[in-house]
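# Secondary and tertiary structure notes
Here is what each chain is made of, one letter per residue.
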Amino acid sequence: MAAYLCPPAVIHGEHAVKTDQIVAEVSDRHPHAAWAPRIDGIAASTGIETRGWMLPLESAVAPGKDNGLAAVGVEPAQEALIRGGFAQQDVDRVIAALETVPAPQTVQERTAPAWEAVQSYGERAARGALQIAGLDAADIDCLITSNSTTPALPGLDMSLANRLSLRNDALLLPATQWACIAGTRSLALAADLVAADPDRVVLVVISEALSTTYQPADDTLESLIVRLLFADTAVAAVVTGRPRPESVLRLDAAWHHTLPGTQDLHRLETRADGTHFVMDRRGPRAVQETVTAMWEWLRARYQDDPDSWHPDVLLAHPGGTRVLEYMEQTMPDAWPSGLLDYSRDSYTSGNRGGAAVFDILRRAHDAGQQKPGNRAVLYAAAPGLTATALEGQWL
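Predicted model only: the values in this text are computed from it and were never measured.

Calculation notes
Residues numbered from 1 in each chain as written. Predicted model: local features only at pLDDT ≥ 70, side-chain atom pairs only at ≥ 80, totals over all residues. Heavy atoms only, no water. Helix = DSSP H or I, 4+ residues; strand = E, 2+ residues; numbered from the N terminus. Rg over C-alpha atoms; globule rule 2.2 N^0.38 Å. Buried < 20%, exposed > 50% of the residue type's maximum accessible area, 1.4 Å probe, protein only. Contact = heavy atoms within 4.5 Å. Areas by Shrake-Rupley, 256 points an atom, 1.4 Å probe, with all protein chains shown as cover. Axes fitted to C-alpha atoms, helices over the stretch in contact; angles between N-to-C directions. Parallel < 35°, antiparallel > 145°, perpendicular 65-115°, else oblique. Left-handed = near helix turned anticlockwise from the far one by under 90°. Nonpolar A, V, L, I, M, F, W, Y, C, P; charged D, E, K, R; others polar. Core = buried A, V, L, I, M, F, W, Y, C linked by side-chain atoms within 4.5 Å. Phe/Tyr/Trp six-rings, centres within 6.5 Å; stacked < 30°, edge-to-face > 60°. Lys NZ or Arg CZ within 6 Å of the ring centre and 35° of its normal.

The next point concerns the overall build of the chain. Scanning the chain from terminus to terminus reveals 13 helices and 14 strands. In terms of C-alpha radius of gyration, the chain reaches 24 Å, essentially the compact-globule figure of 21 Å for 395 residues. In the chain, which comprises 395 residues, the proportion classed as buried is 54%. Residue pairs at least 24 apart in sequence account for 81% of intrachain contacts in the chain once pairs closer than 6 positions are excluded. Element-wise, carbon and sulfur atoms account for 51% of the exposed surface of the chain, whose accessible area totals about 17400 Å².

Put into structure tokens, the structure is as follows:
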């Protein structure tokens with residue numbers, strides 16, 4: 001299917017949020033949570049000390065603009081108090097007190113600035129990718145976009161089409177719900193598009209403000225882990241059907257896999273206070289099933305050369321350390337060690353969702369250790385559960 005990938009542009013969240021800041025904020029807010037005595041150990045187990053967000057931590061925990069009376073109004077509250085037997089003087093005192101109590105942020109207050117940041121970061125990544133590839137916006141025939149945490153209509157595709165002044169006939173393909181799989185699946189789609197027309201030029205942009213899932217009022221263990229894991233990142237890359245001087249990776253084959261009956265293991269839920277990312281403890285085991293299936297795909301692909309073939313680098317969306325550990329445990333013994341080094345390095349500054357694979361690829365490229373002809377495997381799994389992998393060759 002030969003598609004050629006230029007080095008990606010990666011824009012990290014510019015606001016550094018330290019793990020000890022999150023631990024302090026959560027501990028102050030939920031001192032009696034069941035997990036409170038273990039919070040330091042839970043935080044340390046992530047292996048993440050700092051992650052970058054598009055907006056500062058203060059924006060996630062700030063109170064809303066309204067006060068405690070906003071939901072019911074002053075007059076209904078006064079009437080309710082009077083019916084309850086309160087004297088007018090007491091009613092006035094209670095109303096005055098409630099007017100000083102800040103209300104939580106509304107969903108709009110939380111998501112509107114994040115959506116603006118997603119667009120801005122996405123534009124910066126897109127322009128960076130075009131510069132890396134030596135192309136102009138007018139050269140783009142197709143734009144593939146993904147952003148799962150700040151849904152909007154029109155979406156990121158239309159925003160970037162206008163911000164970049166793409167041609168009117170450019171094909172726009174938004175993929176809002178790809179989430180963690182956006183990196184690999186967008187490349188697989190781009191490869192199919194250029195296979196149909198080798199002269200086609202595809203721009204992929206993924207921009208995720210995963211920090212919008214930081215919900216201060218949620219005191220569940222799953223919410224604590226989400227607070228500690230996620231980072232915000234925008235990435236972009238150009239895919240072509242013919243090699244360019246800037247091309248660094250040729251994509252040769254793609255593989256897709258979906259596990260039925262697993263759609264509830266990882267999911268986004270929209271509640272009164274905004275978006276929550278919900279994780280089930282069975283999730284990592286289900287993700288491991290997709291890893292096993294990927295190994296089988298590679299074994300079948302190289303069944304005539306099973307002993308000598310192996311990837312020289314494995315660019316795997318980490319999701320968590322348990323998945324990386326399982327991948328290492330289930331690799332053939334003859335494969336060299338260190339195939340996941342760049343994936344581990346990326347994870348030390350947070351889970352980037354769909355942007356992760358591009359970030360890992362960029363780290364591998366910048367290290368300068370890959371030689372022409374080296375084999376690469378890209379892998380990611382996402383809520384669904386569904387997975388996509390690609391296999392290719394370093395140029």
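So, about the packing of helix α1 (residues 19-29) against helix α9 (residues 221-229). Orientation of α1 relative to α9, taken along the N-to-C sense of each, is 150°, at an axis distance of 9 Å. By the angle between their axes, α1 is roughly antiparallel relative to α9. Where α1 crosses over α9, the two elements pack in a sense that is right-handed. Contacts between α1 and α9 involve Thr-19, Ile-22, Val-23 and Val-26 from the first element and Leu-224, Arg-227 and Leu-228 from the second. Considering only residue class, the contact of α1 with α9 consists of five nonpolar, one polar and one charged.

As for its position among the elements, Asp-157 is in helix α7 (residues 156-164). Classification of Asp-157 as buried rests on a relative accessible area of 8%. A C-alpha to C-alpha distance of 21 Å links Asp-157 and Gly-134, two positions 23 residues apart in sequence.

Another aspect to go through is the nonpolar core. Ile-144, Leu-187, Val-202, Leu-249 and Leu-378 are the most contacted members of the largest nonpolar core, which has 40 residues in total. No other element matches helix α8 (residues 182-196), which puts seven residues into this core. Contacts of Ile-144, omitting those with residues within four sequence positions, involve Leu-173, Trp-178, Ser-186, Leu-189, Ala-190, Leu-193, Val-202, Leu-203, Val-204 and Val-205. Judged by nonpolar contacts, the second largest core, of 31 residues, contains Trp-115, Ala-126, Ala-137 and Ile-140.

Looking now at the packing of aromatic side chains. Taken as a whole, this structure holds six aromatic pairs when the rule is applied. With 6.0 Å between their ring centres and 75° between their planes, Trp-309 and Trp-335 make a pair best called edge-to-face. Of the two residues, Trp-309 sits in the loop between α10 (283-301) and β12 (313-316) while Trp-335 sits in the loop between α11 (321-330) and α12 (341-347), which places them 26 residues apart along the sequence. With relative accessibility at 10%, the residue Trp-309 sits in the buried group. Trp-335 gets classed as buried once you look at its relative accessible area, which sits at 12%. Taken together through their ring pairs, the aromatic side chains of Trp-295, Tyr-302, Trp-309 and Trp-335 make up a single cluster. Its end group placed over the ring of Tyr-121, Arg-124 keeps NZ or CZ at 5.0 Å from the ring centre.

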